[in-house]
Amino acid sequence: MEQRTISLQPGEAVLSSKAAPAVTPVQATQVKAGPPRIAVKDLNCYYGKTQAIQSVSLDILPNQVTALIGPSGCGKSTFLRTLNRMNDRVAGWRVEGSVMLDGSDVYARSIDVVQLRRKVGMVFQRPNPFPMSIRENILYGPRLHGERNKARLDDIVERTLTQSALWDEVKNSLNKSAFDLSGGQQQRLCIARVLAVEPEVILMDEPCSALDPNSTFRIEQLLAELENRFAIVIVTHNLQQAARVSARTAFFLKGELVECCDTADLFSNPRDKRTEDYVQGRFG
(Lines give C-alpha, C1' and ligand atoms only; values in the text may rest on other atoms or scores of the structure.)
Protein backbone atom coordinates (compact mmCIF):
# COMPACT_ATOMS: atom_id res chain seq x y z
CA MET A 1 0.00 0.00 0.00
CA GLU A 2 1.22 3.48 -0.80
CA GLN A 3 2.09 5.44 2.32
CA ARG A 4 0.22 8.70 2.95
CA THR A 5 2.10 11.90 3.62
CA ILE A 6 1.41 13.52 6.97
CA SER A 7 0.76 17.21 6.38
CA LEU A 8 1.12 18.41 9.98
CA GLN A 9 4.55 19.93 10.63
CA PRO A 10 6.39 19.92 13.97
CA GLY A 11 5.12 22.77 16.11
CA GLU A 12 1.96 23.32 14.05
CA ALA A 13 -1.16 23.63 16.16
CA VAL A 14 -3.77 20.92 15.86
CA LEU A 15 -6.76 22.40 14.06
CA SER A 16 -10.23 22.48 15.53
CA SER A 17 -12.25 19.37 14.83
CA LYS A 18 -15.17 21.62 13.82
CA ALA A 19 -13.53 22.69 10.52
CA ALA A 20 -14.02 20.47 7.47
CA PRO A 21 -10.58 19.07 6.60
CA ALA A 22 -8.93 19.09 3.24
CA VAL A 23 -8.14 15.60 1.96
CA THR A 24 -4.86 14.93 0.18
CA PRO A 25 -4.73 13.39 -3.33
CA VAL A 26 -3.24 10.19 -1.90
CA GLN A 27 -6.24 9.78 0.39
CA ALA A 28 -8.55 10.24 -2.59
CA THR A 29 -7.14 7.04 -4.13
CA GLN A 30 -9.37 3.99 -3.84
CA VAL A 31 -8.15 1.83 -0.97
CA LYS A 32 -7.60 -1.87 -1.67
CA ALA A 33 -7.39 -4.47 1.07
CA GLY A 34 -7.93 -8.16 1.67
CA PRO A 35 -10.68 -9.88 3.67
CA PRO A 36 -11.63 -8.10 6.90
CA ARG A 37 -9.45 -8.71 9.92
CA ILE A 38 -12.49 -8.07 12.14
CA ALA A 39 -16.07 -8.40 10.89
CA VAL A 40 -18.78 -6.86 13.09
CA LYS A 41 -22.39 -7.70 12.29
CA ASP A 42 -25.64 -6.47 13.83
CA LEU A 43 -23.89 -5.36 17.02
CA ASN A 44 -26.07 -4.03 19.84
CA CYS A 45 -24.51 -3.03 23.16
CA TYR A 46 -26.18 -2.12 26.43
CA TYR A 47 -25.20 -0.61 29.76
CA GLY A 48 -28.07 -1.98 31.79
CA LYS A 49 -31.23 -0.74 30.06
CA THR A 50 -29.37 1.95 28.10
CA GLN A 51 -28.52 1.00 24.54
CA ALA A 52 -25.14 2.43 23.54
CA ILE A 53 -24.65 0.75 20.14
CA GLN A 54 -27.50 0.14 17.69
CA SER A 55 -27.30 -2.56 15.01
CA VAL A 56 -23.78 -1.70 13.84
CA SER A 57 -22.13 -3.73 11.07
CA LEU A 58 -18.60 -2.77 10.13
CA ASP A 59 -15.53 -4.50 8.67
CA ILE A 60 -12.05 -3.64 9.94
CA LEU A 61 -9.70 -4.16 7.03
CA PRO A 62 -6.03 -5.22 7.25
CA ASN A 63 -3.05 -2.98 6.58
CA GLN A 64 -4.84 0.32 6.92
CA VAL A 65 -6.13 2.82 9.47
CA THR A 66 -9.87 3.09 10.11
CA ALA A 67 -10.90 6.27 11.93
CA LEU A 68 -14.03 6.46 14.09
CA ILE A 69 -15.46 9.98 14.36
CA GLY A 70 -18.55 11.57 15.88
CA PRO A 71 -19.60 13.87 18.73
CA SER A 72 -19.02 13.01 22.37
CA GLY A 73 -21.29 10.22 23.59
CA CYS A 74 -21.98 8.87 20.08
CA GLY A 75 -20.71 5.36 20.89
CA LYS A 76 -17.39 5.31 19.03
CA SER A 77 -15.25 4.50 22.11
CA THR A 78 -17.81 1.95 23.29
CA PHE A 79 -17.66 0.31 19.86
CA LEU A 80 -13.85 0.29 19.95
CA ARG A 81 -13.87 -1.47 23.32
CA THR A 82 -16.17 -4.21 22.07
CA LEU A 83 -13.44 -5.35 19.68
CA ASN A 84 -11.27 -6.76 22.49
CA ARG A 85 -13.89 -7.05 25.24
CA MET A 86 -12.62 -4.16 27.35
CA ASN A 87 -16.12 -3.58 28.76
CA ASP A 88 -16.60 -7.10 30.07
CA ARG A 89 -16.39 -6.08 33.73
CA VAL A 90 -18.63 -3.03 33.44
CA ALA A 91 -21.79 -3.53 35.49
CA GLY A 92 -24.82 -4.26 33.32
CA TRP A 93 -22.78 -4.65 30.14
CA ARG A 94 -24.45 -6.80 27.49
CA VAL A 95 -23.67 -7.53 23.83
CA GLU A 96 -25.82 -8.89 21.02
CA GLY A 97 -24.62 -9.69 17.51
CA SER A 98 -21.19 -10.93 16.45
CA VAL A 99 -17.61 -9.69 16.44
CA MET A 100 -15.52 -12.07 14.34
CA LEU A 101 -11.71 -11.99 14.48
CA ASP A 102 -10.26 -14.08 11.64
CA GLY A 103 -13.47 -16.11 11.60
CA SER A 104 -13.74 -16.70 15.37
CA ASP A 105 -16.41 -15.02 17.51
CA VAL A 106 -14.57 -13.03 20.19
CA TYR A 107 -17.60 -13.31 22.49
CA ALA A 108 -17.71 -17.11 22.35
CA ARG A 109 -17.43 -18.81 25.76
CA SER A 110 -14.34 -20.69 24.59
CA ILE A 111 -12.36 -17.51 23.85
CA ASP A 112 -9.34 -16.83 26.07
CA VAL A 113 -9.65 -13.08 26.73
CA VAL A 114 -5.93 -12.74 27.56
CA GLN A 115 -5.04 -14.22 24.18
CA LEU A 116 -7.66 -12.05 22.49
CA ARG A 117 -6.07 -8.91 23.92
CA ARG A 118 -2.69 -10.08 22.70
CA LYS A 119 -4.08 -10.24 19.18
CA VAL A 120 -6.12 -7.04 19.54
CA GLY A 121 -4.04 -4.54 21.52
CA MET A 122 -5.25 -1.24 22.98
CA VAL A 123 -3.59 2.18 23.30
CA PHE A 124 -5.55 4.46 25.62
CA GLN A 125 -6.31 8.18 25.60
CA ARG A 126 -3.70 9.01 28.23
CA PRO A 127 -0.32 7.28 28.37
CA ASN A 128 -0.42 4.52 31.00
CA PRO A 129 3.10 3.13 31.44
CA PHE A 130 3.54 0.59 34.21
CA PRO A 131 5.49 1.66 37.34
CA MET A 132 8.67 -0.06 36.20
CA SER A 133 11.59 0.53 33.86
CA ILE A 134 11.29 1.25 30.16
CA ARG A 135 12.67 -2.20 29.39
CA GLU A 136 10.33 -4.00 31.80
CA ASN A 137 7.33 -2.17 30.33
CA ILE A 138 8.16 -3.67 26.94
CA LEU A 139 8.81 -7.16 28.30
CA TYR A 140 5.76 -7.41 30.54
CA GLY A 141 3.57 -8.90 27.79
CA PRO A 142 6.10 -11.30 26.25
CA ARG A 143 6.94 -12.67 29.70
CA LEU A 144 3.25 -13.00 30.53
CA HIS A 145 2.90 -15.15 27.41
CA GLY A 146 5.86 -17.34 28.34
CA GLU A 147 8.91 -15.87 26.62
CA ARG A 148 12.05 -16.46 28.70
CA ASN A 149 14.93 -16.47 26.18
CA LYS A 150 17.17 -13.48 26.96
CA ALA A 151 18.36 -12.99 23.38
CA ARG A 152 14.78 -12.95 22.09
CA LEU A 153 13.71 -10.59 24.87
CA ASP A 154 16.57 -8.22 24.03
CA ASP A 155 15.54 -8.33 20.38
CA ILE A 156 11.92 -7.56 21.29
CA VAL A 157 13.01 -4.48 23.24
CA GLU A 158 15.13 -3.04 20.43
CA ARG A 159 12.73 -4.01 17.65
CA THR A 160 9.57 -2.58 19.20
CA LEU A 161 11.22 0.60 20.42
CA THR A 162 12.59 1.07 16.91
CA GLN A 163 9.15 0.44 15.41
CA SER A 164 7.67 3.04 17.75
CA ALA A 165 10.39 5.60 16.86
CA LEU A 166 11.69 5.64 20.44
CA TRP A 167 14.86 3.52 20.37
CA ASP A 168 17.33 6.31 19.60
CA GLU A 169 15.88 8.40 22.43
CA VAL A 170 15.98 5.75 25.16
CA LYS A 171 18.55 3.09 24.18
CA ASN A 172 20.99 4.34 26.81
CA SER A 173 18.39 4.60 29.58
CA LEU A 174 16.36 1.39 29.34
CA ASN A 175 16.60 0.76 33.08
CA LYS A 176 15.21 4.16 34.02
CA SER A 177 11.61 4.54 35.13
CA ALA A 178 9.09 4.92 32.33
CA PHE A 179 7.70 7.85 34.31
CA ASP A 180 10.86 9.80 33.48
CA LEU A 181 9.74 10.02 29.85
CA SER A 182 7.73 12.91 28.42
CA GLY A 183 4.04 12.42 27.70
CA GLY A 184 4.65 11.85 24.00
CA GLN A 185 7.44 9.40 24.72
CA GLN A 186 5.25 7.55 27.22
CA GLN A 187 2.54 7.16 24.58
CA ARG A 188 5.06 5.77 22.07
CA LEU A 189 6.28 3.42 24.82
CA CYS A 190 2.71 2.20 25.26
CA ILE A 191 2.51 1.57 21.52
CA ALA A 192 5.81 -0.37 21.71
CA ARG A 193 4.38 -2.39 24.61
CA VAL A 194 1.43 -3.39 22.39
CA LEU A 195 3.77 -4.26 19.51
CA ALA A 196 5.87 -6.48 21.79
CA VAL A 197 3.18 -9.20 21.85
CA GLU A 198 2.84 -9.18 18.04
CA PRO A 199 -0.82 -8.19 17.67
CA GLU A 200 -2.94 -8.43 14.55
CA VAL A 201 -5.03 -5.35 15.31
CA ILE A 202 -4.19 -2.15 17.21
CA LEU A 203 -6.97 -0.10 18.80
CA MET A 204 -6.30 3.53 19.71
CA ASP A 205 -8.75 5.57 21.79
CA GLU A 206 -7.89 9.24 21.13
CA PRO A 207 -4.15 8.57 21.53
CA CYS A 208 -3.13 12.18 20.84
CA SER A 209 -5.76 14.09 22.83
CA ALA A 210 -3.43 14.63 25.81
CA LEU A 211 -0.33 15.40 23.70
CA ASP A 212 1.27 18.57 22.40
CA PRO A 213 1.46 19.24 18.62
CA ASN A 214 5.02 17.92 18.27
CA SER A 215 4.14 14.65 20.00
CA THR A 216 0.97 14.40 17.92
CA PHE A 217 3.08 14.77 14.79
CA ARG A 218 5.34 11.91 15.88
CA ILE A 219 2.39 9.62 16.64
CA GLU A 220 0.83 10.36 13.25
CA GLN A 221 4.14 9.62 11.51
CA LEU A 222 4.24 6.35 13.43
CA LEU A 223 0.72 5.44 12.29
CA ALA A 224 1.75 5.96 8.66
CA GLU A 225 4.55 3.44 9.18
CA LEU A 226 2.57 0.88 11.17
CA GLU A 227 -0.45 0.71 8.86
CA ASN A 228 1.47 -1.39 6.36
CA ARG A 229 1.67 -4.21 8.93
CA PHE A 230 -1.45 -3.94 11.06
CA ALA A 231 -5.15 -3.24 11.02
CA ILE A 232 -5.46 -0.05 13.09
CA VAL A 233 -8.64 1.52 14.47
CA ILE A 234 -8.39 5.02 15.92
CA VAL A 235 -11.04 7.04 17.71
CA THR A 236 -10.47 10.76 17.22
CA HIS A 237 -12.41 13.98 17.79
CA ASN A 238 -10.05 15.79 15.42
CA LEU A 239 -11.38 15.62 11.88
CA GLN A 240 -8.11 16.86 10.40
CA GLN A 241 -6.34 13.98 12.11
CA ALA A 242 -8.82 11.49 10.67
CA ALA A 243 -8.20 12.95 7.20
CA ARG A 244 -4.43 12.80 7.63
CA VAL A 245 -4.00 9.27 8.97
CA SER A 246 -6.91 7.09 7.85
CA ALA A 247 -7.84 5.21 4.72
CA ARG A 248 -11.45 4.72 5.84
CA THR A 249 -13.60 6.74 8.21
CA ALA A 250 -16.75 5.69 10.07
CA PHE A 251 -19.16 8.33 11.40
CA PHE A 252 -21.12 7.44 14.54
CA LEU A 253 -24.11 9.34 15.91
CA LYS A 254 -26.29 8.38 18.89
CA GLY A 255 -24.96 4.83 18.85
CA GLU A 256 -25.65 4.35 15.15
CA LEU A 257 -23.10 3.90 12.39
CA VAL A 258 -24.34 6.53 9.94
CA GLU A 259 -21.84 5.71 7.19
CA CYS A 260 -18.37 4.32 6.57
CA CYS A 261 -16.35 4.71 3.39
CA ASP A 262 -13.00 5.88 2.03
CA THR A 263 -11.93 8.93 4.00
CA ALA A 264 -11.76 11.17 0.93
CA ASP A 265 -15.32 10.28 -0.03
CA LEU A 266 -16.72 10.75 3.45
CA PHE A 267 -15.30 14.26 3.80
CA SER A 268 -15.83 15.47 0.23
CA ASN A 269 -19.02 13.66 -0.77
CA PRO A 270 -20.88 12.27 2.28
CA ARG A 271 -23.98 10.27 1.45
CA ASP A 272 -25.93 11.21 4.57
CA LYS A 273 -26.97 14.77 5.44
CA ARG A 274 -26.05 14.14 9.09
CA THR A 275 -22.47 13.32 8.08
CA GLU A 276 -22.27 16.45 5.95
CA ASP A 277 -23.54 18.59 8.82
CA TYR A 278 -20.98 17.09 11.21
CA VAL A 279 -17.92 17.39 9.00
CA GLN A 280 -18.93 20.95 8.10
CA GLY A 281 -19.05 21.84 11.79
CA ARG A 282 -22.80 22.49 12.02
CA PHE A 283 -22.97 20.41 15.20
CA GLY A 284 -20.70 18.34 17.41
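Fair warning: this is a prediction, and the values are worked out from it, not measured in the lab. (Residues numbered from 1 in each chain as written. Predicted model: local features only at pLDDT ≥ 70, side-chain atom pairs only at ≥ 80, totals over all residues. Heavy atoms only, no water.)

Draft legend 1. How the structure looks around the state of the cysteines. The full count for this structure, using the stated rule, is 0 disulfides. There is no disulfide at Cys260, and the cysteine sulfur nearest it, in Cys261, is 6.6 Å away. (Disulfide = S-S within 2.5 Å.)

Draft legend 2. Structural context of the pattern of salt bridges. This structure, assessed with the given rule, holds 19 salt bridges. The salt bridge involving Asp154 is made with Arg135; its shortest N-O contact spans 2.9 Å. Residue Asp154 is located in helix α4 (residues 150-163), and its partner Arg135 is located in helix α3 (residues 134-144); the two are separated by 19 residues in the primary sequence. (Salt bridge = Lys/Arg side-chain N within 4 Å of Asp/Glu carboxyl O. Helix = DSSP H or I, 4+ residues; strand = E, 2+ residues; numbered from the N terminus.)

Draft legend 3. Fine view of a nonpolar patch on the surface. A contiguous nonpolar surface patch, about 300 Å² in accessible area, is contributed by Val114, Tyr140 and Leu144. Here Tyr140 lies in helix α3. In this structure Tyr140 comes out as partly exposed when scored by relative accessible area, which is 42%. (Patch = residues over 30% accessible without salt bridge, like charges linked within 9 Å, V, L, I, M, F, W, Y side chains within 5 Å. Areas by Shrake-Rupley, 256 points an atom, 1.4 Å probe, with all protein chains shown as cover. Buried < 20%, exposed > 50% of the residue type's maximum accessible area, 1.4 Å probe, protein only.)

Draft legend 4. Quick look at the sheet that holds strand β2 (residues 50-60). Strands sit in the order β2-β1-β4-β5 across an open sheet of 4 strands; the sheet is antiparallel. Edge strands, defined here as strands with exactly one partner in the open sheet, are β2 and β5 (104-105). Two elements, strand β4 (residues 93-101) and β5, share 2 bridges in a ladder whose sense is antiparallel. Counterpart to Met100 in the pairing with β5 is Asp105. (Pairing = 2+ DSSP bridges.)

Draft legend 5. Representation of the side chain of Asn44 within the structure. Examined against the element boundaries, Asn44 turns out to sit in strand β1 (residues 38-47). You can call Asn44 buried: its relative accessible area is 11%. Among the polar contacts listed, one links the side chain of Asn44 to the backbone oxygen of Asp42, at a separation of 3.4 Å. (Polar contact = N/O pair within 3.5 Å; in protein donor to acceptor, adjacent residues only side chain to side chain.)

Draft legend 6. α4, seen in detail. Over its 14 residues, α4 runs 20 Å from end to end, which matches the ideal 20 Å to within 8%, given 1.5 Å per residue. Restricting attention to buried positions, one finds in α4 the residues Leu153, Ile156, Val157, Thr160, Leu161 and Gln163. One side of α4 carries all its buried residues, which in axial view fall inside an arc of 155°. Next to the buried residues of α4 lie α3, α5 (167-170), α6 (183-195) and α7 (213-226). Where α4 begins, the capping side chain belongs to Asn149, and its oxygen is found 3.1 Å from the backbone nitrogen of Ala151. Within two residues after α4, Ala165 carries a phi angle of roughly 60°, on the positive side. (Expected span 1.5 Å × (residues − 1). Arc of directions from axis to C-beta. Contact = heavy atoms within 4.5 Å.)

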